[in-house]
Amino acid sequence: MSKKACLYPGSFDPVTKGHLDLIRRACALYDTVYVGILYNPDKTGLFTPEERKTLLEKELEDLGNVKVVVWDGLTVDLMKKLRVKVALRGVRNSADVESETAMAWLNRTLYPEMETVFLPADAGLAHVSSSAVWQIASFGGDVSA
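So, here's what we can say about the structure. (Residues numbered from 1 in each chain as written. Predicted model: local features only at pLDDT ≥ 70, side-chain atom pairs only at ≥ 80, totals over all residues. Heavy atoms only, no water.)

### Considering the pairing of strand β4 (residues 86–91)
Consideration 1: When β4 meets strand β5 (residues 115–120), the two strands line up parallel, connected through 6 bridges. Looking across to β5, one finds that valine 86 is bridged to glutamate 115.
Consideration 2: For the crossover from β4 across helix α4 (residues 94–110) to β5, the handedness is right-handed. (Pairing = 2+ DSSP bridges. Helix = DSSP H or I, 4+ residues; strand = E, 2+ residues; numbered from the N terminus. Right-handed = clockwise from strand over helix to strand, strands pointing away.)

Rendered as structure tokens:
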């Protein structure tokens, strides 16, 4: 198992500048960064998983150590398949830390060998969420910023 790889799981629907920032920063820390596009039953999809994969690959084509994968199952099962022991999560505020910590504990119950690493969001992007971007876009608003 490589200790020099991580998995950044999420729905990425839509991908945001915050996601891209986190992936780029992770590339400086890990030899391989897997971006796992996972199915989230609590979210209504804007893009298909394959469309999200294409969008992410285009945005990250300048990075040689990123691999985008689509997965319809538990994050820990994807980690086991990829032979990765580190999950990467971005946190914007204390509410994110709380919810992500709870998820890390649950995942570790299922895969005791794993660790979750939290990276704080860039201060200029901390207010951005996929849900907010999705809502603005659904009403025809400009989401370019």
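### Some details on the nonpolar core
Consideration 1: Formed by 20 residues in total, the largest nonpolar core has its most connected members in Ile23, Val33, Val35, Leu56, Leu60, Val66 and Leu88.
Consideration 2: No other element matches the 5 residues that helix α1 (residues 17–29) contributes to this core.
Consideration 3: Dropping the residues within four chain positions of it, leucine 60 is found in contact with Leu20, Ile23, Arg24 and Val66.
Consideration 4: The next biggest cluster of nonpolar side chains, apart from the first, holds 12 residues, and it includes Ala5, Met79, Val84 and Tyr111. (Core = buried A, V, L, I, M, F, W, Y, C linked by side-chain atoms within 4.5 Å. Buried < 20%, exposed > 50% of the residue type's maximum accessible area, 1.4 Å probe, protein only. Contact = heavy atoms within 4.5 Å.)

### Observations concerning the side chain of glutamate 100
Consideration 1: With respect to the secondary-structure elements, glutamate 100 resides in helix α4.
Consideration 2: Look at glutamate 100 and you get buried, because its relative accessible area is 13%.
Consideration 3: A polar side-chain atom of glutamate 100 sits 2.9 Å from a polar atom in the side chain of arginine 89.
Consideration 4: In contact with glutamate 100, other than residues within four places in its own chain, are Arg89, Gly90, Val91 and Phe118. (Polar contact = N/O pair within 3.5 Å; in protein donor to acceptor, adjacent residues only side chain to side chain.)

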